[in-house]
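Chain residues, written in single-letter form:
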Amino acid sequence: MRLSSTFRAAPSGSNPENWRRTEGRQWWLASTGILVTLLLTFGIVSFVLPALIPGMGPYSVDAEVAVRALVGLVLLFDLYVIFQQVQLFRARKQIAEREELFRLITENAADMIAVVDGSGNRLYNSPSYQRLLGYSPEELRQSKGIEQVHPDDRQKVIEAAIEAQRSGVGRSLEYRIRHKDGHWVPLESTASVIKSSGGGVEKLVIVNRDVTERKDLEKKLLLSEKLEAIGKLSGGVAHDFNNLLGVILGYTSELQKRIPPDDPYREAVDEIQKAGKRAASLTQQLLAFSRKQVFEPQILDLKTIVAEAAKMLERLIGEDITLDIVSVQQMGMVKADRGQIERVILNLAVNARDAMPQGGTITIEIADVELDESNHTLACTIAPGSYVMLKVTDTGCGMDAELQSHIFEPFFTTKGQGTGLGLATVYGVVKQSGGEIAVESSPGKGATFRIYLPRVSETAEKIHVVEPSGKTILEHRTVLLVEDERTLRKLTRKMLTEVGLTVLEAENGLQAIEMAERTESPIDLLLTDIVMPGMSGWALAETLSSQRPEMRVLYMSGYPDGVIARHGIAGPGITILQKPFTSDELTRRVEEVTIGVAG
């Protein structure tokens with residue numbers, strides 16, 4: 001917004017041409033008044049002067065004529081006075097309308113408008129200053145504008161003012177100004193120069209706009225870009241990395257079965273396995289953070305999940321911290337991945353625990369909420385509607401605004417240890433579940449995390465737990481294993497044969513089709529990688545399923561779900577075994593898929 005270089009308002013409903021016409025009438029009115037006054041003065045002088053000065057008798061005017069003339073002039077003057085008052089009334093009315101218009105504009109303007117002189121003294125401040133910054137008009141009059149500017153920004157504000165005075169042209173800039181309660185408000189400022197009749201700079205008209213909301217959105221965009229960059233990086237290496245981890249973890253498990261606990265090399269094998277599991281966990285956290293992990297959404301009751309997690313949390317947070325669960329009897333359902341929501345609750349509880357080294361209270365609250373446009377905190381990032389809120393509050397050390405702006409960034413930590421992906425994982429899971437997360441905190445006053453997940457009207461799904469029964473179910477079954485990574489294919493074949501399965505193996509889709517055509521016996525399960533050279537696992541399953549409709553399909557992948565979705569693997573009824581996997585995980589998934597298949 002930029003004001004004109006002349007700070008003069010026109011009356012309501014008029015334009016500059018009408019205002020100049022009104023000014024012309026006022027000058028004409030004043031000139032007429034002077035003329036009538038001169039005529040009346042001349043008439044009085046012409047009547048009185050001959051009587052006072054001897055020798056001017058011949059120049060005297062007849063008294064009757066003079067009196068009539070004076071009466072006429074008086075009447076004319078009276079008419080002029082009446083006319084003048086009418087014109088003045090109209091002018092005052094126009095001025096009042098102009099002032100009312102100016103008052104309405106300034107009192108309802110969202111921006112803060114100020115007029116300062118060449119020395120920076122305030123001449124005028126719009127009422128929005130008090131509304132947005134908390135200062136009363138008296139407090140503003142007693143201070144200079146530069147006094148409320150952030151110390152780091154004062155120099156550029158002063159330089160901008162000097163440049164405006166020198167060049168006669170103002171420029172836009174951003175700076176921070178102190179609110180009455182002490183926090184800093186980012187402003188976007190535009191100055192316009194008011195010149196005097198001599199051409200010098202007389203005043204500056206400054207329009208300030210609160211850009212807090214825009215700055216918040218910029219931060220969210222920056223964070224989103226960081227998420228995307230990390231997501232591309234992690235997604236690019238996830239497949240190969242997970243294949244390698246699968247081989248490492250698989251063979252260390254085999255070594256553990258054959259090396260007794262008292263063997264001197266057993267400890268080395270155990271440490272290799274622990275490192276491999278940590279690497280696999282780190283990969284999953286990166287995928288969760290970047291919202292690219294494989295999700296298995298289902299209808300969930302958050303109240304039940306929190307109640308079940310509370311038993312583990314009480315042991316995790318320690319005896320010096322009190323855990324308080326608050327929920328209502330009737331509450332809506334959400335659609336999300338159960339395991340990931342449990343991870344969210346766990347990470348938030350651990351974060352709260354670490355913020356209370358001397359003990360305190362963690363409160364977990366679940367409730368239905370309705371969000372609309374009036375919720376300024378989330379209005380720009382979440383659609384209005386019905387949500388289930390999961391709120392985690394602690395009584396810990398709290399965070400300032402600067403720290404809050406970084407807590408969801410990858411690898412950011414203030415603990416001096418750990419990966420810095422705990423809250424980043426929470427952020428990614430919530431976003432991937434279609435929700436929003438917000439944090440409120442201040443130093444010494446704890447922190448509150450609010451998670452909003454879309455509420456659904458469906459009934460919570462029952463969790464079916466399939467107890468592995470080992471070879472009694474899996475033996476005498478035939479599995480067609482398709483994996484392009486030779487080492488992982490060899491290891492997976494070994495895991496399958498150990499539980500009694502007959503394994504046919506192929507390194508790509510075309511080879512698998514040829515093998516299926518040569519095999520006369522039934523193939524109970526197709527265990528295939530999704531992304532392979534030549535033919536994808538999805539295309540292979542489509543081809544073989546038309547030939548063998550009784551065959552079940554289990555997919556494997558080390559890619560994030562975005563890549564998986566592009567290959568057509570999405571929707572209910574699709575089972576995906578995420579790499580890296582252990583022998584037990586493979587056995588359980590194979591058994592789940594093959595239950596009900598005739599032997």
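These numbers come from a predicted model, not from an experiment.

(A) Seen up close, the overall build of the protein chain. In terms of regular secondary structure, the protein chain is built from 17 helices and 17 strands. Pairs at least 24 residues apart make up 68% of the contacts formed inside the protein chain by residues separated by at least 6 positions.

(B) Expanded view of the pattern of salt bridges. Under the criterion given, the structure shown has 29 salt bridges. Across the pair Arg338 and Glu342 runs a salt bridge, and its minimum N-O distance is 3.3 Å. One end of the pair, Arg338, and the other, Glu342, are both in helix 9 (residues 338-354), four residues apart, so they sit about a helical turn from each other. Across the salt bridge formed by Glu505 and Arg489, the nearest N and O atoms sit 3.0 Å from each other. Of this pair, Glu505 sits in strand 14 (residues 502-506) while Arg489 is found in helix 13 (residues 486-498), placing the two residues 16 residues apart along the sequence. Among the residues examined, Glu505 registers a relative accessible area of 25% and is labelled partly exposed. Put simply, Glu174, Glu188, Arg214, Lys215 and Glu218 are held in one network by salt bridges that share partners.

(C) Spotlight on the sheet that holds strand 13 (residues 478-482). Strand order across the open sheet formed by five strands is 14-13-15-16-17, with parallel pairing between neighbours. Taken across any chain shown, the strands that pair with only one partner, and hence form the sheet edges, are strand 14 and strand 17 (576-578). Between one strand axis and the next, the sheet turns through 20° on average, direction left out of account. Relative to strand 16 (residues 552-557), strand 15 (residues 525-529) is paired through five bridges, and the arrangement is parallel. Bridge pairing in strand 16 places Leu525 opposite Arg552. Here helix 13 sits on the sheet in contact with strand 13, strand 14 and strand 15, set at roughly 165° to strand 14.

(D) Quick peek at the pairing of strand 9 (residues 360-371). In terms of strand pairing, strand 7 (residues 321-327) meets strand 9 through seven bridges, oriented parallel. By the bridge assignment for strand 9, Val326 is matched with Glu365. Strand direction decides the pairing type here: strand 9 and strand 10 (residues 385-394), joined by ten bridges, are antiparallel. Within strand 10, the position partnered with Ala367 by the bridge is Met389.

(E) Main features of helix 13. For helix 13, which comprises 13 residues, the first-to-last C-alpha distance of 19 Å matches the rise-based estimate of 18 Å (1.5 Å per residue) to within 8%. For helix 13, the set of buried residues is Leu488, Arg489, Leu491, Thr492, Met495 and Leu496. Angular distribution of buried residues about the axis of helix 13 spans 165°; they occupy a single face of the element. Residues of helix 13 that are exposed and point more than 90 degrees away from the buried face comprise Arg486 and Lys490.

(F) Expanded view of the sheet that holds strand 1 (residues 112-117). Reading across the sheet, the five strands line up as 2-1-5-4-3 and stay open at both edges, with antiparallel pairing between neighbours. This sheet does not close on itself; its edge strands, each paired only once, are strand 2 (122-125) and strand 3 (172-178). Put simply, the sheet's adjacent strands are angled 30° from each other on average, direction ignored. By the bridge criterion, six bridges tie strand 1 to strand 5 (residues 201-210) in an arrangement that is antiparallel. Residue pairing in the sheet places Ile113 in a bridge with Val207 of strand 5. Together, strand 3, strand 4 (184-195) and strand 5 form the strand contacts of helix 5 (residues 154-167), whose direction differs from that of strand 3 by roughly 135°.

(G) Molecular detail of the packing of aromatic side chains. Across all of its chains, the model carries three aromatic pairs by this definition. Taken together, a centroid distance of 5.4 Å and an interplanar angle of 35° make the contact between Phe408 and Tyr427 tilted. Residue Phe408 is found in the loop between helix 10 (401-404) and helix 11 (422-432), and its partner Tyr427 is found in helix 11; the two are separated by 19 residues along the sequence. Grouping residues by exposure puts Phe408 and Tyr427 together as buried. Between Trp538 and Tyr555 the ring centres are 6.3 Å apart and the planes differ by 35°, which places this aromatic pair in the tilted class.

(H) Unusual backbone geometry, seen in detail. That bond from Lys579 to Pro580 is cis: its omega, -5°, falls within 30 degrees of zero. Mapped onto the elements, Pro580 comes out in the loop between strand 17 and helix 17 (583-594).

(I) Looking closely at the side chain of Ser441. For Ser441, the position within the fold is in strand 11 (residues 436-441). Within the structure, Ser441 has its side chain in polar contact with the backbone oxygen of Gly446 (distance 2.7 Å). Among residues more than four places away in sequence, those in contact with Ser441 are Gly398, Met399, Gln404, Gly446 and Ala447.

(J) Spotlight on the nonpolar core. Ranked by internal contacts, the top residues of the largest apolar core, which has 41 residues, are Leu302, Ile345, Ile362, Ile364, Phe449 and Ile451. For this core, the element with the most residues is helix 8 (residues 302-317), which contributes seven residues. Residue contacts for Ile362: discarding those within four places in its chain leaves Ile317, Ile321, Thr322, Leu323, Asp324, Ala349, Ala352, Arg353, Met356, Val392 and Thr393.

(K) Examining the packing of helix 14 (residues 509-518) against helix 15 (residues 537-547) more closely. Contact geometry of helix 14 with helix 15 gives a least axis separation of 10 Å together with a crossing angle of 15°. Considered as vectors, helix 14 and helix 15 are oriented roughly parallel to each other. The handedness of the crossing between helix 14 and helix 15 is right-handed. Listed contacts from helix 15 to Gly509, Ala512, Ile513 and Ala516 of helix 14 are Leu540, Thr543 and Leu544. Across the contact of helix 14 with helix 15, the residue classes break down as five nonpolar, two polar and no charged.

(L) Up close: the side chain of Ser126. Among the secondary structure elements, Ser126 is positioned in the loop between strand 2 and helix 3 (128-133). Taking the relative accessible area as the measure of exposure, Ser126 reaches 2% and is therefore buried. When residues no more than four places from it in sequence are discounted, the contact partners of Ser126 are Thr106, Asp111, Met112 and Ile113.

(M) Quick peek at the pairing of strand 3. Only one face of strand 3 is covered, namely the face carrying Leu173, Tyr175 and Ile177; the face carrying Ser172, Glu174, Arg176 and Arg178 is uncovered. Across seven bridges, strand 3 lies against strand 4 in antiparallel orientation. Within strand 4, the position partnered with Arg178 by the bridge is Trp184.

(N) Inspection of the confidence of the model for the protein chain at higher detail. Averaged over all residues, the pLDDT of the protein chain equals 78, while 79% of them reach at least 70. The secondary-structure element of the protein chain with the lowest mean pLDDT is helix 16 (residues 561-566), recorded at 47, while strand 13 shows the highest, at 93. pLDDT under 50 marks residues 1-14. Its contacts with residues more than four places away, or in other chains, come to 33 contacts. The low-confidence segment residues 463-472 (pLDDT under 50) makes twelve contacts with residues lying over four places distant or belonging to another chain.

(O) Representation of helix 9 within the structure. Under the 1.5 Å per step criterion, the end-to-end length of helix 9 is 25 Å for 17 residues, consistent within 8% with the ideal 24 Å. For helix 9, the full list of buried residues reads Arg338, Gln340, Ile341, Val344, Ile345, Asn347, Leu348, Ala349, Asn351 and Ala352. N-capping of helix 9 is provided by Asp337, with a side-chain oxygen placed 2.9 Å from the backbone N of Gly339.

Rules behind the numbers
Residues numbered from 1 in each chain as written. Predicted model: local features only at pLDDT ≥ 70, side-chain atom pairs only at ≥ 80, totals over all residues. Heavy atoms only, no water. Helix = DSSP H or I, 4+ residues; strand = E, 2+ residues; numbered from the N terminus. Contact = heavy atoms within 4.5 Å. Salt bridge = Lys/Arg side-chain N within 4 Å of Asp/Glu carboxyl O. Buried < 20%, exposed > 50% of the residue type's maximum accessible area, 1.4 Å probe, protein only. Pairing = 2+ DSSP bridges. Axes fitted to C-alpha atoms, helices over the stretch in contact; angles between N-to-C directions. Expected span 1.5 Å × (residues − 1). Arc of directions from axis to C-beta. Phe/Tyr/Trp six-rings, centres within 6.5 Å; stacked < 30°, edge-to-face > 60°. Polar contact = N/O pair within 3.5 Å; in protein donor to acceptor, adjacent residues only side chain to side chain. Core = buried A, V, L, I, M, F, W, Y, C linked by side-chain atoms within 4.5 Å. Parallel < 35°, antiparallel > 145°, perpendicular 65-115°, else oblique. Left-handed = near helix turned anticlockwise from the far one by under 90°. Nonpolar A, V, L, I, M, F, W, Y, C, P; charged D, E, K, R; others polar. pLDDT = per-residue confidence, 0-100.

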